[in-house]
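Coordinate inspection notes
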Amino acid sequence: MAILPFAIQIAGNMSQYWTETVHKLDPYIPGEQPQDQQYIKLNTNENPYPPSPQVIAAIDQFDMDRLKLYPDPESTVLRQELARHFDVGSDNIFMGNGSDEVLAHCFQAFFKHGKPLLFPDISYSFYPVYCGLYDISYQTIPLTSDFSININDYFIDNGGIIFPNPNAPTSRLLALDQIEVLCEKNASVVIVDEAYIDFGGESAIALTHRFDNLLVTQTFSKSRSLAGLRLGYAVGHADLIEGLNRIKNSFNSYPVDAIAQAAALASVKDQTYMSDCCDRIIKTRNDLTKALLKLGFEVLPSAANFIFVQHPQYSAESLYLSLKDRGVLVRYFNKPRIDNYLRITVGTDSEIATLITTLSHILD
Ligand SMILES: *Cc1c(COP(=O)(O)O)cnc(C)c1O
């Protein structure tokens, strides 16, 4: 091993063997998954309900002998089923290993143009990370004072636009007619990240028939209770999908394993289970909102499986720490504009009852 100069040794967490790119990276930090005790986990927006029984059956009945073979690199059958469900063609769908992977490919395929990529100042924190990874310049556009997106702020020269809808972590929904105007007026690719769309929004997928610059991403991780399976997809014009395929086939031709393809197919075929699950979560979200309003919280209108709240008398950080002490995990972001907010995932009714009781004790 080479002897390092003192300055590099004390930097810690650094290696002389890293490339310049790795040195400069500022990786995404996922919500904590502590192992020290059993927490009520309301911090990573997972679904509290199990996947559809049809999904479990598909995995149980999977012919394990098939694991000796590579999976279908194009996820053909699964894409056909999704295409039928969304009323688009199979060539309008791209499958990936979680929508994070799909998004990463999108950044590389569509956003590196010299002009800055635009996204909200308060948004999914993976976006700036991908910009770092692929060396894409970006400009954040401040949300309005009530944390909504004003599309007029995006009518500037740009190399692309991306935002989650509903937005994360604010939970607010942008109306479809606004997305329509945005796609119409914008010359570059617009990506709508619909990770939470099934919890109360209307998908922009229907608009992809009209706008060849619109790409919509969705995931099996939230509404379909399959975060552990790692599946996501993009829907858009066949030329955009072909761009993504070129990246995929230059990186990993087999991103979706055979068991995941079978399980996901069963999930798409069992639409009723998914929508029943979402209905339960929406009902719990409404109950949770009412209970928190009674405790004096301010709650942003949510179209997601989480809510974004603050209390005028208590700091979000202290509430987060007190809740953690008592075994309830929520998400606190130590970031400008939102450092007095908590993001709370909608759990089961009983988890939410515990949260409310615990909060009432803390506020007492
Ligand atoms: C959870 C989430 C994703 C990623 O989902 P995966 O499919 O699990 O990778 C993407 N975008 C947003 C805004 C999310 O919250």
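The rules behind these values
- Residues numbered from 1 in each chain as written.
- Predicted model: local features only at pLDDT ≥ 70, side-chain atom pairs only at ≥ 80, totals over all residues.
- Heavy atoms only, no water.
- Near = heavy atom within 4 Å.
- Areas by Shrake-Rupley, 256 points an atom, 1.4 Å probe, with all protein chains shown as cover.
- 1 Å grid on protein atoms, 1.4 Å probe; cavity = no way out; pocket = protein on both sides within 12 Å on 5 of 7 lines; lining within 4 Å.
- Sits in = over half its atoms within 2 Å of the grid points.
- Nonpolar A, V, L, I, M, F, W, Y, C, P; charged D, E, K, R; others polar.
- Buried < 20%, exposed > 50% of the residue type's maximum accessible area, 1.4 Å probe, protein only.
- Helix = DSSP H or I, 4+ residues; strand = E, 2+ residues; numbered from the N terminus.
- Pairing = 2+ DSSP bridges.
- Salt bridge = Lys/Arg side-chain N within 4 Å of Asp/Glu carboxyl O.

Around the ligand, a shell composed of Gly98, Ser99, Asp100, Tyr124, Pro164, Asp193, Ala195, Tyr196, Thr219, Ser221, Lys222 and Arg230 is seen. Relative to its unbound accessible surface of 380 Å², the ligand loses 93% to contact with the protein. Taking a 2 Å distance to the grid points as the criterion, the majority of the atoms of the ligand fall inside the largest pocket. Taken together, the residues that form the shell around the ligand break down as 4 nonpolar, 4 polar and 4 charged.

A separate point is the pairing of strand β11 (residues 328-332). Extensive coverage of β11 is indicated by the burial of 5 of its 5 residues. The alternating pattern of β11 places Val328, Val330 and Tyr332 on one face and Leu329 and Arg331 on the opposite face, and all of these are buried. Note: strand β1 (residues 40-42) against β11, 3 bridges, orientation parallel. What sits directly across from Leu42, in β11, is Val330.

Attention now moves to the pattern of salt bridges. With the rule as written, the count across this model stands at 9 salt bridges. The salt bridge involving Lys248 is made with Glu74; its shortest N-O contact spans 3.7 Å. Here Glu74 lies in the loop between α3 (53-60) and α4 (76-86) and Lys248 lies in helix α8 (residues 238-248), a separation of 174 residues in the sequence. On the basis of relative accessible area, Glu74 is assigned to the partly exposed category, the value being 34%. Across the pair Arg337 and Asp121 runs a salt bridge, and its minimum N-O distance is 2.8 Å. Taken together, the residues span a long stretch of sequence, with Arg337 in the loop between β11 and β12 (342-345) and Asp121 in the loop between β3 (117-120) and α6 (126-134) at a distance of 216 residues.

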